[in-house]
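Topology and contacts: notes
Each chain, letter by letter, is given below.
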Amino acid sequence: MLKNKTIAFLGAGNMAEAMISGTVQSGKIPKDQIIVSNRSNKEKLQEINEKYGVRTLLKDELPFNEIDILILAMKPKDIDKALDSINHLVKSNTVIMSVLAGITTSHMEEQLPGGQSVIRVMPNTSSMLKESATAISAGRFTSEEDMMNAKELLSSIGEVYVIDESKMDIFTGIAGSGPAYFYYLMEHIEKTGAEAGLDPQMARKIGAQTIFGAAKMMLEREESPTQLRENVTSPNGTTAAGLDALAQFGGGKAISEAVKGAEKRSKEISSELQSRQLVTN
Ligand SMILES: NC(=O)C1=CN([C@@H]2O[C@H](COP(=O)(O)OP(=O)(O)OC[C@H]3O[C@@H](n4cnc5c(N)ncnc54)[C@H](O)[C@@H]3O)[C@@H](O)[C@H]2O)C=CC1
Ligand SMILES: O=C(O)[C@@H]1CCC=N1
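Rules used throughout
- Residues numbered from 1 in each chain as written.
- Chains lettered and ligands numbered in written order.
- Predicted model: local features only at pLDDT ≥ 70, side-chain atom pairs only at ≥ 80, totals over all residues.
- Heavy atoms only, no water.
- Buried < 20%, exposed > 50% of the residue type's maximum accessible area, 1.4 Å probe, protein only.
- Helix = DSSP H or I, 4+ residues; strand = E, 2+ residues; numbered from the N terminus.
- Arc of directions from axis to C-beta.
- Contact = heavy atoms within 4.5 Å.
- Near = heavy atom within 4 Å.
- Polar contact = N/O pair within 3.5 Å; in protein donor to acceptor, adjacent residues only side chain to side chain.
- Areas by Shrake-Rupley, 256 points an atom, 1.4 Å probe, with all protein chains shown as cover.
- Nonpolar A, V, L, I, M, F, W, Y, C, P; charged D, E, K, R; others polar.
- Domains from an automatic or database assignment.
- Pairing = 2+ DSSP bridges.
- Right-handed = clockwise from strand over helix to strand, strands pointing away.

Topic: helix H2 (residues 42-52)
Buried within H2 are the following residues: Leu 45, Ile 48 and Tyr 52. End-on view of H2: buried residues confined to an arc of 60 degrees, all on one side of the axis. Every exposed residue of H2 that faces more than 90 degrees away from the buried side is listed here: Lys 42, Glu 43, Glu 50 and Lys 51. Tucked inside the fold, the buried residues of H2 contact helix H1 (14-26), strand S2 (34-38) and strand S3 (55-58). Positive phi appears at Gly 53, one or two residues downstream of H2, with a value of about 75 degrees.

What to know about the site of ligand 1
For ligand 1, the set of nearby residues contains 21 residues, the closest of which are Ala 12, Asn 14, Met 15, Met 74 and Ala 101. Contact distances for ligand 1 include 3.5 Å between an oxygen atom and a backbone N or O atom of Gly 13. Within the contact set of ligand 1, an oxygen atom lies 2.8 Å away from a backbone nitrogen or oxygen of Met 15. Here ligand 1, which alone exposes 840 Å², has 82% of that area covered by the protein. Here the shell around ligand 1 is composed, by residue class, of 12 nonpolar, five polar and four charged.

Focus: the domain arrangement of the protein chain
Split by domain assignment, the protein chain resolves into domain 1 (7-165) and domain 2 (178-262). Between the C-alpha centres of domain 1 and domain 2 there is a distance of 34 Å.

Details of the pairing of S2
Where burial is concerned, most of S2 is hidden: five out of the five residues are buried. Going residue by residue along S2, you find Ile 34, Val 36 and Asn 38 tucked away on one face and Ile 35 and Ser 37 tucked away on the opposite face as well. One ladder, built from four bridges, connects strand S1 (residues 7-10) with S2; its direction is parallel. Counterpart to Phe 9 in the pairing with S2 is Val 36. Taken together, S1, H1 and S2 form a β-α-β motif whose crossover is right-handed. As paired elements, S2 and S3 share four bridges and run parallel to each other. Bridge pairing links Ile 35 to Arg 55 in S3. Running through H2, the crossover from S2 to the neighbouring parallel element S3 is right-handed.

Take a look at the structure:
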């Protein structure tokens, strides 16, 4: 279904690049049907063109008549300016997919010509290696076919979950921001290992393999995380000592609060945008 579609990215930053990398590796869409654009940074576009072989253009050069799916990938604070600059140019049957945290489909629909199909998407940067956990929510004017195409496109960068938009903020707190929590954990594991005399590169690999193995167990085994944790924990053993320290320093609470903090910020972004107070960078 996607074979003849032209996909364009508006915004060529970290998230767009991760999605482009995964999509190109999947081979689902010919490279010359992927267009990447930004406002003025030609060097960045050239770098993307050389790395991935996709078409690159400045935003003002985009061939809007050819675009079937337009992926918005700028920062949330830039959404209104971006929509204002394209709302008279997009074809009525172009599907708008937005990866912006906290920006609702209704906010975008209000600024686009009546009836435009808008899909809210929350990927993460593991798209780069086709390992994203991505959620999609349909807007008011999105058809079944639009959702099928979105699912097919995004399955090229990982797993896709169709969720109600009311769950997008918590999904963002878990999966959109989530890689950062694990990188933070890894920074500490690597540092602690190195301080104890391990080669930092080796500490990095050991930490990564341990997280990877635990993630694979969670995906492939039936046991609950509690059971899996208990299987590691011998009475009065090393794990019990480690878990005691985690509890003593508020590890579990810190993790819950991280997810809730990101969820809350996603909600705030929506309301700040409505009241024109959004000033993130
Ligand atoms: N970085 C991440 O892990 C994730 C990011 N997101 C969302 O992706 C979006 C982009 O984030 P990053 O890539 O990290 O930011 P970034 O700052 O790396 O990239 C933003 C890009 O948008 C461009 N841009 C700004 N206004 C524009 C306009 N009017 N037209 C065309 N291009 C424009 C900028 O030049 C830049 O290339 C954000 O809205 C964020 O919420 C979503 C999931 C994960
Ligand atoms: O930090 C952010 O706002 C973006 C959205 C999810 C991950 N990065």
